[in-house]
Amino acid sequence: MVVPPALDEDVEALRLKLEAVGSGAPAGGCTPAHLKALAAAARGAAARLEEDEIRARRAPRARARKPARADSDSDSDEGEAAPLDADLVATLRAEGAARFKDKAYGDAAKAWGKAAKHLKAARQPDAKLSAKLLSNLAAAQLAEDKFVAAAHNAAESVAADVCWWKGHWYRGQALLKMARNKPPSLAMSERLEQAIAAFKACRKAPSLPEAKRSDVDAELKSAEALMMHMTSVCKQQ
């Protein structure tokens, strides 16, 4: 993605000002907390732009690998969608549920992961079912303490259906568990900020059962308390 000229100029001007502050120039009302928040936002924006660039570089190669279809009457460069086997998805979903109930979390994750991949390959999958399979996968990974993978798949669940509360719930839990019992740092603070945002989104999800609201509130308070503690410790350092 190309940065608009005006934004490009603003970024350059900000860089020069920060370099001046780093060299001893007056900071005005700017505080270390302001700069840390700015740095976090910059890293997030940079990561997004890098992902866009990687996708842009891969696209021509992907198109070059796809064989031409002589009978095609479309200019689209997308390959043909895989046929959806609804029975296979249902079987894998049930298998994952059975394995999870038996606490065979690795097997449950494999079954749900296969079902989610098959559904995704159909190009126009059932978004609500995709969200449920991905949140189930995140739950199994959480049970195995695979917090990074769980956070990723929970985020994919939210992307499939933002109204599905379990996607937000498991994402918040995974991020919170990543930050617990870790030394205070900017990276941990960022994860806690994301966890707090996930729990707040979970509270607003229309699918959230009333009986689960207290659990979400408890985890939100826990994340906020840990965030306050980390902030306090960082200020003392």
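Before reading on, note that the structure itself is shown above.
The shown structure was predicted, so the numbers you read here are calculated from the model rather than taken from an experiment. Counting restarts for each chain, with residues numbered from 1 along the sequence as it is written. It should be noted that, the model being predicted, local features are given only for residues of pLDDT at least 70 and side-chain atom pairs only at 80 or more, the latter also being counted only at that level, while totals for whole chains, interfaces and linings use all residues. In computing side-chain properties, one takes all heavy atoms of the structure into account and sets aside hydrogens as well as water.

1. Some thoughts on the overall build of the protein
- Runs of H or I in DSSP of at least four residues are treated as helices and runs of E of at least two as strands, each being numbered from the N terminus. On a plain count of helices and strands, the protein comes out with nine helices and zero strands.
- Mapped from its N terminus to its C terminus, the protein presents α and β elements in the order α-α-α-α-α-α-α-α-α.
- For the protein, the residues scored as buried account for 29% of the 237 residues in total.
- Residue pairs at least 24 apart in sequence account for 62% of intrachain contacts in the protein once pairs closer than 6 positions are excluded.
- Accessible surface computed for the protein: about 15,300 Å², of which carbon and sulfur atoms make up 56%. When accessible area is computed with a 1.4 Å probe and restricted to protein chains, residues below 20% of their type maximum are described as buried, those above 50% as exposed, and intermediate ones as partly exposed. Residue contacts are defined here by distance: any two heavy atoms, one from each residue, within 4.5 Å place the two residues in contact. Reported accessibility uses the Shrake-Rupley method at a 1.4 Å probe radius. Residues are deemed covered only where the shown protein chains occlude them.

2. Observations regarding the nonpolar core
- Definition used in this section: a nonpolar core is a set of buried Ala, Val, Leu, Ile, Met, Phe, Trp, Tyr and Cys residues joined via side-chain atoms within 4.5 Å. Among the nonpolar cores identified, the biggest contains 31 residues, and Trp 165, Trp 169, Tyr 170, Leu 176, Leu 192 and Phe 199 are the most heavily contacted of them.
- Taken together, the elements giving at least two residues each to this core come down to α5 (127-143), α6 (147-160), α7 (165-179), α8 (186-204) and α9 (213-236).
- Not counting chain neighbours up to four residues away, the residues in contact with Phe 199 comprise Trp 169, Gly 172, Gln 173, Leu 176, Val 216, Glu 219, Leu 220 and Ala 223.
- With 13 residues, the next largest nonpolar core counts Ala 108, Ala 109, Leu 133 and Ala 140 among its residues.

3. Digging into the environment of Leu 38
- Relative to the helices and strands, Leu 38 resides in helix α2 (residues 32-65).
- On the basis of relative accessible area, Leu 38 is assigned to the partly exposed category, the value being 33%.
- Discounting chain neighbours no more than four positions away, the residues touching Leu 38 are Leu 14 and Leu 18.

4. Overview of α5
- Its 17 residues give α5 an end-to-end C-alpha distance of 24 Å, which sits within 8% of 24 Å, the value for a rise of 1.5 Å per residue.
- Two N or O atoms form a polar contact when they lie within 3.5 Å of each other; inside protein one atom must be a possible hydrogen donor and the other a possible acceptor, and for residues adjacent in sequence the pair counts only when both atoms belong to side chains. Residue Asp 126 occupies the N-cap position of α5, its side-chain oxygen lying 3.1 Å from the main-chain nitrogen of Lys 128.
- Trailing α5 by a residue or two, Asp 145 shows a phi angle of about 65 degrees, which is positive. Here the expected length of a helix is defined as 1.5 Å per residue gap, with one fewer gap than residues.

5. A closer look at the pattern of salt bridges
- What makes a salt bridge here is a side-chain nitrogen of Lys or Arg within 4 Å of a carboxyl oxygen of Asp or Glu, nothing more. All chains considered together, the criterion is met by six salt bridges.
- Note that Lys 128 is salt-bridged to Asp 161, the shortest N-O span being 3.7 Å. Remark: Asp 161 occurs in the loop between α6 and α7 and Lys 128 occurs in helix α5; sequence separation between them is 33 residues.
- With a relative accessible area of 54%, Lys 128 lands in the exposed category.
- Arg 213 is the partner of Glu 210 in a salt bridge, and the nearest nitrogen-oxygen pair spans 3.6 Å.

6. Here's the deal with the packing of α5 against α7
- For helices, the fitted axis covers only the stretch in contact; all axes are lines through C-alpha atoms, and the angles between them, taken along N-to-C directions, range from 0 to 180 degrees. Where α5 contacts α7, the two axes come as close as 9 Å, and the packing angle between them is 25 degrees. As judged from the angle between their axes, α5 and α7 are roughly parallel. Handedness of the α5/α7 crossing: left-handed. In contact with Ser 135, Ala 138, Ala 139 and Leu 142 of α5, α7 contributes Lys 166, Gly 167, Tyr 170, Gln 173, Ala 174 and Lys 177.
- Here the residues of the contact of α5 with α7 sort into five nonpolar, three polar and two charged. The labels follow the angle: roughly parallel below 35 degrees, roughly antiparallel above 145, roughly perpendicular from 65 to 115, and oblique for the rest. Here a crossing is called left-handed whenever its near helix is offset anticlockwise from the far helix by less than a right angle, and right-handed whenever the offset is clockwise. Any residue outside Ala, Val, Leu, Ile, Met, Phe, Trp, Tyr, Cys, Pro, Asp, Glu, Lys and Arg is labelled polar, Gly included; the first ten of those are nonpolar and the last four are charged.

7. Re unusual backbone geometry
- Notably, Lys 103 is not glycine yet its phi reads approximately 65 degrees, a positive angle.
- With respect to the helices and strands, Lys 103 occurs in the loop between α3 (86-101) and α4 (105-121).
- Here Lys 103 falls in the exposed class, since its relative accessible area comes to 62%.
- We note that Asn 181 has phi near 60 degrees; this positive angle belongs to a residue other than glycine.
- One can find Asn 181 in the loop between α7 and α8.
- Given a relative accessible area of 81%, Asn 181 falls into the exposed group.

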